Amino acid sequence: MIGIGDDMLKIVTDILWSIAIVFLLGGGLYFSIKLGFPQLKLRPLFSGFKTDDKTNVSPFKSLTMSLAARVGVGSLAGIALAIYIGGPGTIFWIWVTGIITSINAFCESYMGAKYQVKDGSSYQGGPPFYIEKGLHSKKLAVIYSILIIIAYIVGFMTIQANTIATSLHEYYNFEPIIIGIILAIISFISIMKGLNSIVNITSKLVPLMGLGYILLSIIVIILNIQKLPATIMTIITSSFNLKSVTSGVISTFIIGIQRGVFSTEAGLGTGSIASSCSHSKNKIGLGLIQILGIYFTVFIVCTSTALIILTSDYTKLTFENMNGIELTQYALNYHLGKVGILVLIISLISLAYSTIIAGYYYGESSLKYLRKNVTPFQINLLKTVTVLLLVIGSITSPTLLWNIVDILVAILAIINMYSLLRLRREIIIDYKKRK
């Protein structure tokens, strides 16, 4: 029965991702061509940081919050899982996906800013608002909001807890349930303080953890500099592995896109929830900033993880019920010994923690959309459910969690990209009218 259930889950995932890939890549190519490939023009991407609007959440802080959600365990465990299942070639397709789908991040963030609404002293926006106001589909906006709550509170955040618990149990033999409880308490303290606390934490934590992980990666690359040309060549040649139609290039391509989208969230619409916290007259610039977030995630963090793994002897390993972080840990231990493991765990906890608190805000924002007069009791109930699921996630099968997340990500991508393509004329006209 378990085997039948797993097979059905795989069939559903494959069908949904076949549709999602068409929307993500097709939409990305369409908007890239129509807008003149703005993701390839570096200077305009920084224009959104300049703003005369004085709000609680600056464009920089909104970028760090979206990065906090993006640069989570997907950049460490997810990339490792992609390499283990699909081979080195998946990294090439993650690069390609990052470039093509980065324009989707611009489109959704611009539309989120365009249709944002006041939320106390801050602002609120995202796909539910432009789906309802631009597409005039309240029902689809409600469905999307419900899925966001399920995807982040049940899926993304439990993956973070599971990865931390797996990592600490693997090397220090800490009980996963204890790790889950500690993580839940720390996260609860942070999210109880609200949006300002969340953006203040992410604006400080994201740059620090990014710099720390980059420095660690540079050390590993320098130690293995002689292997680097061959490793890059392996990534490229493996991406076109034609040993069979089903297990060769096609599966490598699909796995690369899946893990790439999970890592960057470009096309899911979630980045626009973070960017809409900030208010600026330059809404085009506010959207363009998010492309920088995609590039940082793909070409710095994800690529660093890939090079750390691919320059090790990871091919000797076999895993069952794999989270992914086990492979990254093995590679760092191979290169740097216990020091590498310690730095990884610190980076992992920081990454996962920032993703959890940013992801919680996505859930709260969606709840506020669903219930215009949301009560403090309902907000506190969401916070309580969130921390309980962190505990449950720490002891749940990682394979099950990844399967759930893959399905939810595909559905979110389909709804969001369908909506953006329906709103394409509005996006294109507004972009071409910019000064």
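Coordinates for the structure precede this section.
> An account of the overall build of the chain is needed here, citing residue identities and associated values.
Assigned secondary structure in the chain consists of 17 helices and two strands. Counting the 435 residues in the chain, one finds 60% classified as buried. Taking as baseline every contact in the chain between residues at least 6 positions apart, the subset at least 24 positions apart corresponds to 84%. As displayed, the chain offers around 17,400 Å² of accessible surface, 69% of which is attributable to carbon and sulfur atoms.

> How would you sum up the pattern of salt bridges? Please name residues and give values.
Applying the stated criterion to the full structure yields five salt bridges. One salt bridge connects Glu 426 with Lys 114, and the closest N-O pair in it is separated by 2.7 Å. Here Glu 426, found in helix 17 (residues 424-433), pairs with Lys 114, found in helix 4 (residues 89-114); they are 312 residues apart in sequence, far enough to count as distant. Here Lys 114 falls in the partly exposed class, since its relative accessible area comes to 31%.

> For the packing of aromatic side chains, give the residues involved together with the corresponding values.
Per the counting criterion, the structure on display carries seven aromatic pairs. The interplanar angle of 75° and the centroid separation of 5.6 Å between the aromatic rings of Phe 106 and Tyr 431 together place this pair among those described as edge-to-face. With a gap of 325 residues between them, Phe 106 in helix 4 and Tyr 431 in helix 17 connect regions that are remote in the sequence. Summarising the burial analysis for this pair, Phe 106 and Tyr 431 share the class buried. Members of the aromatic cluster, each reached through a chain of ring pairs, are Phe 106, Tyr 110 and Tyr 431. We note Lys 118 situated over the ring of Tyr 123; from NZ or CZ to the ring centre the distance is 4.9 Å.

> Kindly report on the environment of Thr 64, identifying the contributing residues and their values.
In this fold, Thr 64 is placed in helix 2 (residues 59-70). Sequence separation between Thr 64 and Asn 200 is 136 residues, and the spatial gap between their C-alpha atoms is 9.4 Å.

> Tell me about helix 16 (residues 398-422), residues and numbers included.
Between its terminal C-alpha atoms helix 16 stretches 36 Å, which fits the 36 Å expected from 25 residues at 1.5 Å a residue. Burial analysis of helix 16 places 18 of its 25 residues in the buried class, the great majority of the element.

> Before we move on, could you go through the nonpolar core and cite the residues and values that matter?
In terms of nonpolar packing, the biggest core is built from 124 residues, with Trp 17 and Phe 106 touching the most fellow members. Looking at which element gives the most residues to this core, the answer is helix 6 (residues 138-172), with 16 residues. Counting residues in each nonpolar core, the second largest holds five residues, with Leu 67, Ala 113, Leu 286 and Ile 289 among its members.

> A description of a nonpolar patch on the surface should follow, citing residues and the corresponding values.
There is a patch of nonpolar side chains on the surface, built from Ile 177, Ile 178, Ile 181, Ile 182, Ile 185, Ile 186, Ile 189 and Ile 395 and spanning about 690 Å² of accessible area. Mapped onto the elements of the fold, Ile 185 is located in helix 7 (residues 176-191). For Ile 185, a relative accessible area of 49% puts it in the partly exposed group.

> Explain the packing of helix 3 (residues 77-86) against helix 12 (residues 283-310) to me, and be specific about the residues and the numbers.
At a closest axis distance of 9 Å, the pairing of helix 3 and helix 12 adopts a crossing angle of 50°. By the criterion of interaxial angle, the relationship of helix 3 to helix 12 is oblique. Pair helix 3 / helix 12 crosses with right-handed handedness. Judged by residue contacts, Ile 79, Ala 80 and Ile 83 of helix 3 engage Cys 302, Thr 305, Ala 306, Ile 309 and Leu 310 from helix 12.

Cut-offs applied
- Residues numbered from 1 in each chain as written.
- Predicted model: local features only at pLDDT ≥ 70, side-chain atom pairs only at ≥ 80, totals over all residues.
- Heavy atoms only, no water.
- Helix = DSSP H or I, 4+ residues; strand = E, 2+ residues; numbered from the N terminus.
- Buried < 20%, exposed > 50% of the residue type's maximum accessible area, 1.4 Å probe, protein only.
- Contact = heavy atoms within 4.5 Å.
- Areas by Shrake-Rupley, 256 points an atom, 1.4 Å probe, with all protein chains shown as cover.
- Salt bridge = Lys/Arg side-chain N within 4 Å of Asp/Glu carboxyl O.
- Phe/Tyr/Trp six-rings, centres within 6.5 Å; stacked < 30°, edge-to-face > 60°.
- Lys NZ or Arg CZ within 6 Å of the ring centre and 35° of its normal.
- Expected span 1.5 Å × (residues − 1).
- Core = buried A, V, L, I, M, F, W, Y, C linked by side-chain atoms within 4.5 Å.
- Patch = residues over 30% accessible without salt bridge, like charges linked within 9 Å, V, L, I, M, F, W, Y side chains within 5 Å.
- Axes fitted to C-alpha atoms, helices over the stretch in contact; angles between N-to-C directions.
- Parallel < 35°, antiparallel > 145°, perpendicular 65-115°, else oblique.
- Left-handed = near helix turned anticlockwise from the far one by under 90°.

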